[in-house]
Amino acid sequence: MAYDNEVVIRAFRLYAELSLAGVAEKDRLQEYMADDEVRGLVDQFAREVDCVTLSAGDQLYMIPLVRLSPFHVSNDYLKKTYLRAQAVNADLYLLYLTVITFVGAFYDSYQSMEPTRNFIPLDEWTALVHERIETLKEHDPEELKAYEREFSYNWSAIIEKWDSMDDIKETAKRQTGNTISRLSFMDTARRFLLDMQLAEEVGAGELTLTDKARIVVQRYYMELEYNRGILQFLYKFGDEKKAIRERKEEEEAYAGDK
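Keep in mind the model is a prediction, meaning the values are calculated, not measured. (Residues numbered from 1 in each chain as written. Predicted model: local features only at pLDDT ≥ 70, side-chain atom pairs only at ≥ 80, totals over all residues. Heavy atoms only, no water.)

Of all hydrophobic cores here, the largest spans 39 residues; its most connected members are Leu-94, Phe-102, Trp-125, Ile-133 and Ile-158. Setting aside residues no more than four positions away along its own chain, Ile-158 makes contact with Tyr-93, Leu-94, Leu-97, Ile-133 and Tyr-153. In terms of nonpolar packing, the next biggest core, distinct from the first, is built from 16 residues, Tyr-15, Leu-18, Ala-24 and Leu-41 among them. (Core = buried A, V, L, I, M, F, W, Y, C linked by side-chain atoms within 4.5 Å. Buried < 20%, exposed > 50% of the residue type's maximum accessible area, 1.4 Å probe, protein only. Contact = heavy atoms within 4.5 Å.)

Okay, structure coming up:
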């Protein structure tokens, strides 16, 4: 298909803006939506670098789809920008788990498409991460190693990293990335989500999903092609264990009433 030179230049300028900042504002979104040829070219440019464009609210985003995309946030960048100087891969694995848990907290299950809550306090998010890690501990060690090979996630390292964190300052009113504690790590995860425009603060210590995050969840987060079964692994096992515990409690309560 032949394009007018002006159309190509306009599309490339928009793509260049997205490639530099990852986001374009309202006026550029309107241009993208109003012109089919510009939109088609921008989408094509994005696919060439393993990215996808999506609109959320008044903004247009370019999101990398695979780790090998040149626009994917590298592990080295995450370590240097958000984690401590001595950070290792286990810190990254734990950061990924906190993000998965944060998103999952807004949905009934890993298969639901619409959020079922408006916000989550930092302490509840921390408790949910702890719950996920406790669920990981319930797996047989050899079984867990098999899952590590399947998902390329070092689940054992996540457990060890979380358990090794200092709990002495857990009750402090303010936690920052300067102390080694669970809430300190969660504060790091909070800053990462805010910077990535996946979360926004709605109150003191309270976070909600952004429009960008909701669109990403709807289009990619739940898809097996992109999450590689990690969500099912993390949530299905926990849900099964929870159902067993609840059934046991009901049986005990029923027996006690007799």
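Now that the structure is up, let's keep going.
As a further point, take the pattern of salt bridges. What the rule picks out here adds up to 16 salt bridges. Between Asp-187 and Arg-191 there is a salt bridge, and its shortest N-O distance comes to 3.8 Å. With Asp-187 and Arg-191 both in helix 9 (residues 182-195) and 4 residues apart, this pair spans about one turn of that helix. It is possible to trace a salt-bridge network through shared partners that takes in Arg-10, Glu-17, Arg-28, Glu-31 and Asp-35. (Salt bridge = Lys/Arg side-chain N within 4 Å of Asp/Glu carboxyl O. Helix = DSSP H or I, 4+ residues; strand = E, 2+ residues; numbered from the N terminus.)

Hydrogen bonds along the backbone pair up the strands of a sheet, which may run parallel or antiparallel. The sheet built from 3 strands is open, its strands ordered 1-3-2 with antiparallel pairing. Edge positions in the sheet fall to strand 1 (23-24) and strand 2 (51-56), since each of these pairs with one other strand and no more. Relative to strand 3 (residues 59-64), strand 2 is paired through 6 bridges, and the arrangement is antiparallel. Along strand 3, the bridge assignment pairs Ser-55 with Leu-60. The sheet contacts of helix 2 (residues 26-34) involve strand 1, strand 2 and strand 3, and relative to strand 3 the element is tilted by about 80°. Against the sheet, helix 3 (residues 36-48) touches strand 2 and strand 3, its axis set at about 135° to strand 2. (Pairing = 2+ DSSP bridges. Axes fitted to C-alpha atoms, helices over the stretch in contact; angles between N-to-C directions.)

Turning our attention to the packing of aromatic side chains. Applying the stated criterion to the full structure yields 7 aromatic pairs. Considering the side-chain rings of Phe-12 and Phe-45, the 6.2 Å spacing of their centres and the 80° angle between planes classify their relative orientation as edge-to-face. Here the residue Phe-12 occupies a position in helix 1 (residues 5-21), and Phe-45 occupies one in helix 3, the gap between them amounting to 33 residues. You can call Phe-12 partly exposed: its relative accessible area is 47%. Overall, the relative accessible area of 21% leaves Phe-45 in the partly exposed class. Each member of the aromatic cluster is reached from another via a ring pair, and the members are Phe-12, Tyr-15 and Phe-45. (Phe/Tyr/Trp six-rings, centres within 6.5 Å; stacked < 30°, edge-to-face > 60°.)

Before going further, it helps to examine the sheet that holds strand 4 (residues 120-121). Strand order across the open sheet formed by 3 strands is 4-6-5, with antiparallel pairing between neighbours. Two strands bound the open sheet, and with one partner strand each, they are strand 4 and strand 5 (199-203). Pairing analysis gives 4 bridges linking strand 5 to strand 6 (residues 206-209), with the strands arranged antiparallel. By the bridge assignment for strand 6, Glu-200 is matched with Thr-208. Strands strand 5 and strand 6 of the sheet are contacted by helix 9, whose axis makes an angle of about 110° with strand 5.

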